[in-house]
Amino acid sequence: MDWKHLLSDRKLAESPALPDQFARFPINTFELDYSNLVSSAAFRRLQDKTQVYPLDKGDFVRTRLTHSIEVSTVARQLGMMVTDDRSQYARAELQQYRTEIPSVLACVALLHDLGNPPFGHFGEALIGEWFRGALDRLTYKGQPLRQWLTPQMARDLENFEGNAQALRLLGKAARGGSINLSMAVIGALLKYPTDSLHFNRKDPDIRRHKLGYFAAEEEIFRTVTDTLAMHDAAGAVCRHPLTYLMEAADDIAYATADLEDALNKGLFTMEQFLNRYRGAYRDQFRNGTLPHGTPADYSERLLQELEQMRQEAGPDRDEAALFHTWLLQVRNWLMYVAIYRFNKSYDEIMAGTYQEDLFYQTNHVLTLQILKDITAEYAYDSAGILRLELAAESIVTFLLEKYVHAVLCCDEAYQDALCQPTSSDRKYLATLPREHLLDYRRARTGDEKTDLYLRILMATDFLSGMTDGYARTLYREARGIDLTHL
């Protein structure tokens, strides 16, 4: 791969030219992409989408919007570091892209959760689980849906993935003229350049752990990856090099920020955190499970710094403020080692053969793992979160049931004696935003099986675009019940 292609500013659709006067104040294409993105409705909806705590009434915890802004900030900084790194491993060729690379990373980090449905990753999992039963249970013209769909179409639905939905959203937005981003940004967003038939969560190659695009977006996927020349020596599609930096920024942000939110919600005390960190560190030595080549004492030094900060602050210390300050220090170290690994593994990354993340065999790979484990224990698996997720499950499954059924026979061209929308279907279709129906008409192929798949995606498009609050309100109105206590 080469940066001349990787940083292409070509668009998916034609964009109107800027007035000639704007040439007096040049702004690079990727900064214009950033402006386009932050002013979009899809980005604004992230302000009411779950990061960790679904249906949370507090105004302190992070939403997908604030999380995305934090990831974008870290990603931009990583871009600045990698293009102006003076270490012995720095790559001089990157310094000529000091403007472009940070700008692309800032954009792609804002985008990375754009396709996530309401209620965070739990909502994402619910959609896939629902389809695993529904494709055999629901029928179209007397036959189960599964018999109408190709294996890839069925697996797309059964393994619904926010990353693939983000690409779908951007393709639709480009056709509709609302968000038309540069291909360099879209390419860097493709964390998993793999379809639903070939992904494998146990594959040693990280790029195959999830599906990255649906069958409906295969043409867009090929256009982007061909334009950016994202291929290895054998011709296989590989990750954009900036994807590694974006993913590192995401890991850094949530491994530190989600912990801070959990402390402020009272899900653990500082003493519990210190004991858990200390125990996890010692267990690595006792079990001999330290990652090969990891100088673990770096993780212990961070723990000692936190203990010293608490001791110096005295008994009247503000634990939350101290923890925030310490987490910022941790974040800086994680950024430092990510840049080290990017530069050290640069040749493999550019060849498309690198299979790990950017913390692999670095001084703080253990630090990151400990923080993730503690977050999972105290935040993701807490009793409060589980109760809220039960409410989210009722909402998502109900809406899927109603809207998927409603769209099956909504295309008059395919209606017959076996396929007519019910009166209930018509009511739900009336609440479907017109933009989804227009997009279906633009994408319609005339092939009944493909168009059935596209109509089902129309329902998942609507659901995945909902905010937590809107999904809850729509559910409450449809069921005629009061959920204001949630």
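For the structure, check the block above.
Please read all numbers here as calculations on a predicted model, not as lab measurements.

Enquirer: Explain the state of the cysteines to me, and be specific about the residues and the numbers.
Expert: All told, the structure shown has one disulfide when counted by the stated rule. In this model, Cys409 is linked to Cys419 through a disulfide, with the two sulfur atoms separated by 2.0 Å. In this structure the cystine formed by Cys409 and Cys419 twists about its S-S bond by roughly -120°; its chirality is therefore left-handed. With Cys409 in the loop between α18 (383-408) and α19 (423-430) and Cys419 in the loop between α18 and α19, this residue pair connects regions lying ten residues apart in the sequence. Taken as a pair, Cys409 and Cys419 share a single burial class, namely buried. Left without a disulfide partner, Cys410 is nearest to the cysteine sulfur of Cys409, which lies 8.3 Å away.

Enquirer: Outline the layout of surface pockets, supporting the account with residue identities and numerical values.
Expert: What the second largest pocket holds in volume is close to 600 Å³. What lines the second largest pocket is a set of 28 residues, among which Arg45, Leu169, Lys172, Glu435 and His436 lie closest to the centre. Looking at the lining of the second largest pocket, the elements that each hand over two or more residues are α3 (41-44), α9 (162-176), α20 (434-443) and α21 (448-465). With six residues, the top contributor of residues to the lining of the second largest pocket is α9. Within the lining of the second largest pocket, the residues separate by chemical class into eleven nonpolar, ten polar and seven charged.

Enquirer: Describe α9, naming the residues involved and giving the relevant values.
Expert: Compared with an ideal rise of 1.5 Å per residue, which puts 15 residues at 21 Å, α9 spans 20 Å between its outermost C-alpha atoms and is within 8% of the ideal. When you tally the buried positions in α9, you get twelve out of 15 residues, the bulk of the element. The complete set of buried residues in α9 reads Gly162, Asn163, Ala164, Gln165, Ala166, Leu167, Arg168, Leu170, Gly171, Lys172, Ala173 and Ala174. Buried residues along α9 sit in contact with α5 (100-111), α6 (120-137), α10 (183-189), α11 (218-227), α20 and α21. One or two positions beyond α9, positive phi appears at Gly177, with a value near 85°.

What counts as what
- Residues numbered from 1 in each chain as written.
- Predicted model: local features only at pLDDT ≥ 70, side-chain atom pairs only at ≥ 80, totals over all residues.
- Heavy atoms only, no water.
- Disulfide = S-S within 2.5 Å.
- Helix = DSSP H or I, 4+ residues; strand = E, 2+ residues; numbered from the N terminus.
- Buried < 20%, exposed > 50% of the residue type's maximum accessible area, 1.4 Å probe, protein only.
- 1 Å grid on protein atoms, 1.4 Å probe; cavity = no way out; pocket = protein on both sides within 12 Å on 5 of 7 lines; lining within 4 Å.
- Points joined across faces, edges and corners; volume = space filled by probe spheres on them.
- Nonpolar A, V, L, I, M, F, W, Y, C, P; charged D, E, K, R; others polar.
- Expected span 1.5 Å × (residues − 1).
- Contact = heavy atoms within 4.5 Å.

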